[in-house]
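# Residue-level structure breakdown
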Amino acid sequence: QVQLVESGGGLVQAGGSLRLSCAASGGTFTFSNYAMGWFRQAPGKEREFVAGISWGGGSTDYSDSVKGRFTISRDNAKNTVYLQMNSLKPEDTAVYYCAAGGAIRWFRGHYEYWGQGTQVTVSS
């Protein structure tokens, strides 16, 4: 049973920072074989791609709305992917999900495994 567990969400003022973590575990899941993505879903909106990182960490991709403010990274020894979020804005408020897939893709249907999500709320 593959599990992706996000943590690090919370309430922060605009301009502040948060660091999300996603720890992977379970069965025959080999974390280092998977690209990882972060998505978010605000109330009443579709789940959208935020950032992705290749299996080895050598390639990353970001949505235009977070480029320059968010940084994705991974530690394959700890089976964990991170999302450092700086200069947060109220429009970043959403539930953030991590996901594992074969490559970095913006299409959420590409990803095979998902976490349960962690709430990020940015106050103005």
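Everything below is about the structure printed above this text.
What counts and how
- Residues numbered from 1 in each chain as written.
- Predicted model: local features only at pLDDT ≥ 70, side-chain atom pairs only at ≥ 80, totals over all residues.
- Heavy atoms only, no water.
- Helix = DSSP H or I, 4+ residues; strand = E, 2+ residues; numbered from the N terminus.
- Rg over C-alpha atoms; globule rule 2.2 N^0.38 Å.
- Contact = heavy atoms within 4.5 Å.
- Areas by Shrake-Rupley, 256 points an atom, 1.4 Å probe, with all protein chains shown as cover.
- Lys, Arg positive; Asp, Glu negative; His and termini not counted.
- Charge placed at Lys NZ, Arg CZ, Asp CG, Glu CD.
- Buried < 20%, exposed > 50% of the residue type's maximum accessible area, 1.4 Å probe, protein only.
- Polar contact = N/O pair within 3.5 Å; in protein donor to acceptor, adjacent residues only side chain to side chain.
- Salt bridge = Lys/Arg side-chain N within 4 Å of Asp/Glu carboxyl O.
- Pairing = 2+ DSSP bridges.
- Axes fitted to C-alpha atoms, helices over the stretch in contact; angles between N-to-C directions.

Before going further, it helps to spend a moment on the overall build of the protein. When helices and strands are tallied, the protein shows 0 helices and 11 strands. From first element to last, N terminus to C terminus, the protein shows the α and β order β-β-β-β-β-β-β-β-β-β-β. Relative to its length of 124 residues, the protein is compact, with a C-alpha radius of gyration of 13 Å against a globular reference of 14 Å. Seen along its three principal axes, the alpha-carbon backbone of the protein occupies a region of about 45 × 25 × 25 Å. The long-range fraction of contacts in the protein, counting pairs at least 24 apart against all pairs at least 6 apart in sequence, stands at 58%. Accessible surface, the protein: about 6,200 Å² in total, of which carbon and sulfur atoms supply 46%. Computed over 11 positive and 9 negative side-chain charges, the inter-centroid distance for the protein is 2 Å.

Checked against the element boundaries, Arg69 lands in the loop between strand 6 (60-62) and strand 7 (70-75). According to the relative accessible area criterion, Arg69 is buried, its value standing at 11%. Polar contacts involving the side chain of Arg69 include one to the main-chain carbonyl oxygen of Ser65, which spans 2.8 Å. Those residues in contact with Arg69, other than ones at most four positions away along the chain, are Gln84, Met85, Asn86, Ser87, Leu88, Lys89 and Asp92.

This part takes up the pattern of salt bridges. Counted under the stated rule, the structure contains 5 salt bridges. Notably, a salt bridge pairs Arg40 with Asp92, separated by 2.9 Å at the nearest N-O pair. With a gap of 52 residues between them, Arg40 in strand 4 (residues 35-41) and Asp92 in the loop between strand 8 (80-85) and strand 9 (94-101) connect regions that are remote in the sequence. Across the salt bridge formed by Arg69 and Asp92, the nearest N and O atoms sit 2.7 Å from each other. Linking Arg69 in the loop between strand 6 and strand 7 with Asp92 in the loop between strand 8 and strand 9, this pair joins segments that are 23 residues apart in sequence.

The antiparallel open sheet is built from 4 strands, whose spatial order is 1-3-8-7. Of all the strands in the sheet, the pair left with one neighbour each is strand 1 (3-7) and strand 7. Strand-to-strand twist in this sheet, taken as the mean axis angle between neighbours without regard to direction, amounts to 15°. In this structure, strand 1 lies alongside strand 3 (residues 18-25), joined through 5 bridges in antiparallel fashion. Bridge pairing in strand 3 links Ser7 to Ser21.

By themselves these figures say nothing about function.
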